[in-house]
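If you want the building blocks of each chain, they are given just below.
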Amino acid sequence: MQPRKLGNSGLEVSALGLGCMRMSFGDAPVGDKQEMISFLHMAIDRGITFFDTAEVYGPFAKEELVGEALEPFRGQFVIATKFGFHLNPDGSPGFTGLNSHPERITKAGR
């Protein structure tokens with residue numbers, strides 16, 4: 001897998017990335033947790049080092065899944081995550097608006 005540098009940061013990732021939204025919810029049937037962990041391991045084995053997710057997809061379920069699956073490969077990949085949402089009060093996937101106040105961003109990072 002060929003690498004790519006992101007901007008001027010010097011951060012290097014695989015030319016192909018993996019979007020992780022449909023790994024725990026969505027329109028199509030999704031695999032169980034162990035299937036998704038195996039899938040993420042196969043991506044690493046094939047040279048994928050860039051994974052994209054968002055707090056709003058679970059909420060937070062995707063980050064937990066990706067973090068658990070990729071923990072054995074710590075330091076060998078980059079996770080991009082989107083944040084800054086008013087999450088649904090009932091904890092369901094989705095959001096009711098945007099919130100990029102510093103305290104919300106700090107909370108999302110924990």
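Going by the structure above, here's the rest.
What counts, and where the lines are drawn
- Residues numbered from 1 in each chain as written.
- Predicted model: local features only at pLDDT ≥ 70, side-chain atom pairs only at ≥ 80, totals over all residues.
- Heavy atoms only, no water.
- Core = buried A, V, L, I, M, F, W, Y, C linked by side-chain atoms within 4.5 Å.
- Buried < 20%, exposed > 50% of the residue type's maximum accessible area, 1.4 Å probe, protein only.
- Helix = DSSP H or I, 4+ residues; strand = E, 2+ residues; numbered from the N terminus.
- Contact = heavy atoms within 4.5 Å.
- Pairing = 2+ DSSP bridges.
- Axes fitted to C-alpha atoms, helices over the stretch in contact; angles between N-to-C directions.
- Salt bridge = Lys/Arg side-chain N within 4 Å of Asp/Glu carboxyl O.

Draft legend 1. Representation of the nonpolar core within the structure. Judged by nonpolar contacts, the single largest core of 15 residues is most densely connected at Leu18, Cys20, Met23, Leu40, Phe51, Leu65 and Leu70. For this core, the elements supplying multiple residues, two or more each, are helix H1 (33-45) and helix H2 (61-70). Among the elements that take part in this core, H1 stands out by supplying five residues, more than any other. Other than its neighbours up to four places away in sequence, Cys20 contacts Leu40, Phe51, Asp52, Thr53, Lys62 and Val66. Listed in part, the five residues of the second largest apolar core include Ala54, Val56, Tyr57 and Leu87.

Draft legend 2. Representation of the sheet that holds strand E4 (residues 50-54) in the model. The strand order E3-E4-E5 describes an open sheet built from three strands, whose pairing is parallel. Pairing within the sheet leaves two strands with one partner each, and these edge strands are strand E3 (18-19) and strand E5 (78-82). With respect to the sheet, H2 is in contact with E4 and E5, its orientation differing from that of E4 by roughly 155 degrees.

Draft legend 3. Region of interest: the pattern of salt bridges. Evaluation of the coordinates by the stated rule reveals two salt bridges. Note that Lys33 and Glu68 form a salt bridge whose closest N and O atoms lie 2.8 Å from each other. Residue Lys33 is found in helix H1, and its partner Glu68 is found in helix H2; the two are separated by 35 residues along the sequence. Assessed through its relative accessible area of 47%, Lys33 is described here as partly exposed. By relative accessible area, which is 44% here, Glu68 ends up partly exposed.

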